[in-house]
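Fold and geometry: a report
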Amino acid sequence: MSIVLYNTQTKKKDVFVPLILGQVSMYVCGVTVYDDCHLGHARSALTFDMIRRYFEFAGYKVKYVRNFTDIDDKILNRAKQEDVPWQEISDRYIQNFHRDMGALGIRKPSAEPRATDHMQDILHMIDGLVHKGVAYQLKGDVYFSVKKFSPYGKLSGKKLEELQAGARIEVDTRKQDPMDFALWKTAKLGEPGWDSPWGKGRPGWHIECSAMSVAELGPTFDIHGGGKDLIFPHHENEIAQSCAYTGKEFARFWVHNGFVTVDKEKMSKSLGNFFTIREIFDKSPHSEPVTAECLRYLFLSTHYRSDLSFSDHSINEAKTALDNFYGLFQRLEESSSKSEVEGAQDWETPFKDFTEKFTLAMDDDFNTPKALGAFNEIRGTINKLLGKGLSDNSQKTILETLKAYGETLGLFQMTVSKWNSIVVSLGMAKSEETALPVNGIVGTTDKWIEEKIRLRNEARAQKDFSTADTLRKELAEKGIILEDRPDGTTRWKR
RNA sequence: GGCGCCGUACCCAAGUGGCUAAGGGAGCAGUCUGCAAAACUGCGAUUCAGCGGUUCGAACCCGCUCGGCGCCUCCA
């Protein structure tokens, strides 16, 4: 089966055929490093992480490039505010970015170029554009002439005349056309600058992505991605510059993810309605990996192109859904004490049905909500079979396969015990042995809990249920939940 | 003003021309259980914002209306 994906350029789902057989080249716009990342950035990162994982699952070799914009007005402003060198700002937020992405379980791209490391490529490209006559110099600035690039506006579906009519920004009257955009900007007094044929300056925002993508992946590559707010003007401009420069097709597929919204509104810096990734981890009552998986499940439960509304409620729903999966994994890990013959249930037929549904859903423009639907169906089926009895071997195979499919979404990779141990809030260190206090309740060690359970089970064996209930209550007060199994053993979780 | 997206049960969310409109959560009832939890079973949209139209047939296509949002300015 082939993968079909929605292409912003053609405004429909196109069959994905890579440029080079068996390989996918993908460039995704990263972040401008002047502040901590919020959930909108997390969505983009998670979306393309999922896409990358699925391509690899489908047998492709993926080259995935995600850049850093590490020189920009906002970085300079921030540096001024804090009265520190601008490099300190970009370095700090690159570090924070890596910290947050790591916590989210996002795999590292094949390359993470920084704009300032590609200054020569940028200068070559601008120079080339000037020589081709599609860019012009105005004192120390260089602008791209949109009129010289006839397909301008194709990606975003905008027409130049309409844009001009609606332009609300202050127009630099020196420009040949109000929509012309800067490739190179003169360094003002006290600002950092790189030497260029047009004097000391720095690159405009759009040119760096063109330069870096072409440098890393060549003039034509398979997929260019980013949030849908980048379609115009950023990606439109990238196309103009790159195609004008190389004379070749640029990205073949344009893939854009939807926004994260709060109360129906786009999460954004200017509205101030954003949560940073760090904040989410800090205020979560769960351990970092658990929170990360909840967030991933939540994000995957909406199609990547749709907007996703974020709330405490939505993330709690994700937690419940995952609890149910890890509950199944726990049961699958436990010995069934059933022989091969006794536990000879046909699980292979429903399982085959599951893998087909999963693959079909994912092949169709990465329909993760549908894929999760398939997961939930098989969860019910396996639970039923488990009730009837499965052999240890079958259980082992089922568990391994579920986890293998989960891996393509970045889900279900934790051990059950890790999933079940709740840690405390506010980024305090976590220990496997002891739970730190939660909501003022004093933490307990695993050993202490096990001892209480042993005492309770002794009491139960003697039909001393009042003692057993007292012990259950005592544990419950510490946030420990007990589940008695049919064979007389007890499972517990925090 | 221009361009575009969305509106499916209490909540989230697939489905975009034809079998009973996926799935999850919550709720209620039941099975099981010393109690409980978990798991399982059953119940829940004669209907897809509204109104017209096209069609043998529409939640899905077209038009209009209402409501929400986004891009056109830095934005994932």
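The structure contained in this document is the topic of the report that follows. Since the structure is predicted, the reported quantities are computational estimates derived from the model, not experimental observations.

Taken together, 55 residues sit near RNA strand B, with Lys-74, Trp-205, Gly-227, Leu-230 and Asp-469 positioned nearest. When atoms of RNA strand B within 4 Å of the protein are sorted by moiety, sugar and phosphate together comprise 63%. One of the side-chain N or O atoms of Asn-367 is found 3.0 Å from a phosphate oxygen in RNA strand B. Within the side chain of Arg-456, a nitrogen or oxygen atom sits 3.2 Å from a base oxygen of RNA strand B. With 9 residues, helix 12 (residues 368-388) is the largest single contributor of residues to the surface near RNA strand B.

For the structure on display, the rule yields 44 salt bridges. Ionic pairing is found between Lys-228 and Asp-307, a salt bridge with its closest N-O pair at 3.1 Å. Remark: Asp-307 occurs in the loop between helix 9 (288-300) and strand 13 (308-309) and Lys-228 occurs in the loop between strand 9 (221-227) and helix 7 (231-246); sequence separation between them is 79 residues. The exposure class of Lys-228 is partly exposed, given its relative accessible area of 29%.

One open sheet accounts for 4 strands, arranged 5-6-7-8; its pairing is antiparallel. Since the sheet does not close on itself, it has two edges, and those belong to strand 5 (135-138) and strand 8 (201-203), each with one partner. In this sheet, neighbouring strand axes are inclined to one another by 20 degrees on average, regardless of whether the strands run parallel or antiparallel. Of the strand pairs in this sheet, strand 7 (residues 181-186) and strand 8 are connected by 3 bridges, and their pairing is antiparallel. Residue Thr-186 lies in a different strand from strand 8, and its bridge partner there is Gly-201. Across the sheet, helix 4 (residues 119-131) lies against strand 5, strand 6 (141-144), strand 7 and strand 8, angled at about 120 degrees from strand 7, the strand it touches most.

Now for the pairing of strand 15 (residues 490-493). Remember that side chains alternate between the two faces of the sheet whenever the strand is regular. One ladder, built from 4 bridges, connects strand 14 (residues 481-484) with strand 15; its direction is antiparallel. Looking at strand 15, one finds that Glu-483 is bridged to Arg-491. Connecting the antiparallel pair strand 14 and strand 15 is a turn made up of 5 residues, with Gly-488 showing a positive phi of about 95 degrees.

Rules of the game
Residues numbered from 1 in each chain as written. Chains lettered and ligands numbered in written order. Predicted model: local features only at pLDDT ≥ 70, side-chain atom pairs only at ≥ 80, totals over all residues. Heavy atoms only, no water. Near = heavy atom within 4 Å. Polar contact = N/O pair within 3.5 Å; in protein donor to acceptor, adjacent residues only side chain to side chain. Helix = DSSP H or I, 4+ residues; strand = E, 2+ residues; numbered from the N terminus. Salt bridge = Lys/Arg side-chain N within 4 Å of Asp/Glu carboxyl O. Buried < 20%, exposed > 50% of the residue type's maximum accessible area, 1.4 Å probe, protein only. Pairing = 2+ DSSP bridges. Axes fitted to C-alpha atoms, helices over the stretch in contact; angles between N-to-C directions. Contact = heavy atoms within 4.5 Å.

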